[in-house]
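# Notes for the structure review
So you can see what is in the structure, the chains are spelled out below.
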Amino acid sequence: NSLPELAISSKYRDRPLESLLSLHPKPLLQELLGRILDSGIGRIYFERQSKYGRVLWSQNGILQAVAEKLDLGLFEGLIYELKLIGHLPLDLVEVPEQSEIERMYQENRILLRFRVMPSKHGEEATVQVLRGAALRFYQQQQFSRLGRDALSIAKQLQFKVNEIRERAFSEPGLMQARIEALANLSEMLRGIESQIDDLQGSGLDDPDGSPSQGQDDETFYYDS
């Protein structure tokens, strides 16, 4: 509940998407976001074509609406406003850029996933909303990935420590360098051990904290 509240100003949620294309980019993006925030897993895809832009809105993997032949100025303005909300680089991207922000919306925790990528005709973008069971499942996947990354780095560290040991025994003249390396390494490891103790004491590894089956009925349609 300490998360910031997501402020979305959507005034025309009941109107067809095609009737809102006369709006400026900022209020139009607010209207689009308002639609995908209502329920389930919402997604907007901003597709760049040679002369126009196109916006596709889906809910739980089912296409809800398509806005065709958007003026390129309006289309580029939408992506610019999307970058502002997602804290992404405002310059034209040369490689895909992505970000995530977690917020409270109508007393529910949600995750907004932003992605901007180059294409043949210019920039394209997606924004996706996860909530409920889908959000918890996604966060568990991310947590597992971080754990695997940390384990891989720990194995690399172990290999380097073995290498230091072998060189120290084979080259007695490296005593001073060995002392300095081990002192810095020991200090860092003490910090890591303290962080691990904090995590273990916080109950993050408590199996009772995992989501129980049957709490939500959302289907997981998000992409990696």
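Preceding this paragraph is the structure being described.
Scoring rules and cut-offs
Along each chain, the written sequence defines residue order, and numbers are assigned to residues from 1. Totals for whole chains, interfaces and linings use every residue, but because this is a predicted model, local features are given only for residues with pLDDT of at least 70 and side-chain atom pairs only at 80 or more, for both listing and counting. Side-chain calculation: all heavy atoms of the structure are included, whereas hydrogens and water are not. Only strands that DSSP links by at least two bridges are regarded as paired with each other. The way it works is that DSSP assigns letters per residue, a run of H or I at least four long becomes a helix, a run of E at least two long becomes a strand, and they are numbered from the N terminus. Only C-alpha atoms enter the line fits that serve as axes; for helices the fit covers just the stretch in contact. Angles between N-to-C directions range over 0 to 180 degrees. Residue contacts follow a heavy-atom distance rule, with two residues in contact if any of their heavy atoms lie within 4.5 Å. Residues enter a patch when their relative accessible area is above 30% and they make no salt bridge; the linking distance is 9 Å between like charges and 5 Å between nonpolar side chains (Val, Leu, Ile, Met, Phe, Trp, Tyr). What sets the accessible areas is the Shrake-Rupley method with a 1.4 Å probe; for residues, cover comes only from the shown protein chains. By definition, a salt bridge exists where a carboxyl oxygen of Asp or Glu is found within 4 Å of a side-chain nitrogen of Lys or Arg. Type-normalised accessible area, obtained with a 1.4 Å probe on protein chains alone, sets the label of each residue: buried when under 20%, exposed when over 50%, and partly exposed for intermediate values.

### Concerning the pairing of strand E4 (residues 97–105)
Pairing geometry for E4 and strand E5 (residues 108–118), over nine bridges, is antiparallel. Note that in E5 the partner of Gln98 across the bridge is Arg115. Counted along the chain from E4 to the antiparallel partner E5, the turn is two residues long, and its residue Gln106 has a positive phi close to 50°.

### Brief notes about the sheet that holds E4
Pairing is antiparallel across the open sheet formed by six strands, whose spatial order is E3-E2-E1-E6-E5-E4. Two strands close off the open sheet at either side, each with one partner strand: strand E3 (62–70) and E4. On average, each strand axis in the sheet is tilted by 15° relative to the strand beside it, whichever way the strands run. With seven bridges connecting them, strand E1 (residues 42–48) and strand E2 (residues 53–59) associate as antiparallel partners. Across the sheet, the residue bridging to Gly42 is Gln59, located in E2. Most of the contacts of helix H1 (residues 25–36) go to E1, to which it runs at about 140°, and overall it touches E1, E2 and strand E6 (123–131).

### Focus on a nonpolar patch on the surface
On the surface, a nonpolar cluster with roughly 320 Å² of combined accessible area is contributed by Met188, Leu189, Ile192 and Ile196. One can find Ile192 in helix H4 (residues 175–201).

### Notes on the environment of Glu18
Tracing the chain through its elements places Glu18 in the segment before H1. Look at Glu18 and you get partly exposed, because its relative accessible area is 45%. Taking C-alpha positions, Glu18 is 8.2 Å from Glu68, a pair spaced 50 residues apart along the chain.

### A closer look at the pattern of salt bridges
Under the defined criterion, the tally for this structure stands at seven salt bridges. A salt bridge links Glu47 to Arg54, with the shortest nitrogen-to-oxygen separation between them at 2.9 Å. The shortest N-O distance in the salt bridge between Arg113 and Glu100 comes to 3.7 Å. Of this pair, Arg113 sits in strand E5 while Glu100 sits in strand E4, placing them 13 residues apart in sequence. The class for Glu100 is partly exposed, based on a relative accessible area of 41%. One network of salt bridges, with partners in common, ties together Glu47, Arg54 and Glu68.

Remember, this is a structural readout, not a statement about activity or role.
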